[in-house]
Amino acid sequence: MTTMNLPIVSSCSVDGCSYNHDHDCHAGAITVTEAAGPACGTFVDAHDKGGVDASGHVGACHRSDCTHNDHLECTAAGVDVGAGEDRADCLTFAPA
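Residues numbered from 1 in each chain as written. Predicted model: local features only at pLDDT ≥ 70, side-chain atom pairs only at ≥ 80, totals over all residues. Heavy atoms only, no water.

> Summarise the overall build of the protein; cite the residues concerned and give the values.
Counting its secondary structure elements, the protein contains zero helices and nine strands. Along the protein, helices (α) and strands (β) appear in the sequence β-β-β-β-β-β-β-β-β when read from the amino end. Based on the C-alpha atoms only, the size of the protein along its principal axes is roughly 35 × 30 × 15 Å. Here the analysis covers contacts within the protein between residues at least 6 apart in sequence; of these, 69% occur between residues at least 24 apart. Carbon and sulfur atoms make up 51% of the accessible area of the protein, which totals about 5,200 Å². (Helix = DSSP H or I, 4+ residues; strand = E, 2+ residues; numbered from the N terminus. Contact = heavy atoms within 4.5 Å. Areas by Shrake-Rupley, 256 points an atom, 1.4 Å probe, with all protein chains shown as cover.)

> So what's going on with the side chain of N20? Which residues, and what values?
On the secondary structure map, N20 appears in strand β2 (residues 20-21). Take N20: its relative accessible area is 5%, and that puts it in the buried class. Polar contacts involving the side chain of N20 include one to the main-chain amide nitrogen of H23, which spans 2.8 Å. (Buried < 20%, exposed > 50% of the residue type's maximum accessible area, 1.4 Å probe, protein only. Polar contact = N/O pair within 3.5 Å; in protein donor to acceptor, adjacent residues only side chain to side chain.)

In structure tokens, the structure reads:
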């Protein structure tokens, strides 16, 4: 998979994340981790805004129990990030 094919972060409803600009993720690529839920491991709780001038992508997914996971890569067309078990979770997560 090339970076051009990485799924986009379709939306992010996590207020307070440095990469969230008007509910659009601007991290170059997020990592979905195996925390309490399918957490966005790229979440940064800070007042300073950062990131790139484009929509964020899903760079890696550690949730091998997700139906969208293929060899630790996300195969969903896009993901939504928002509050779940953690403050910033992948809401597109679907158990395999």
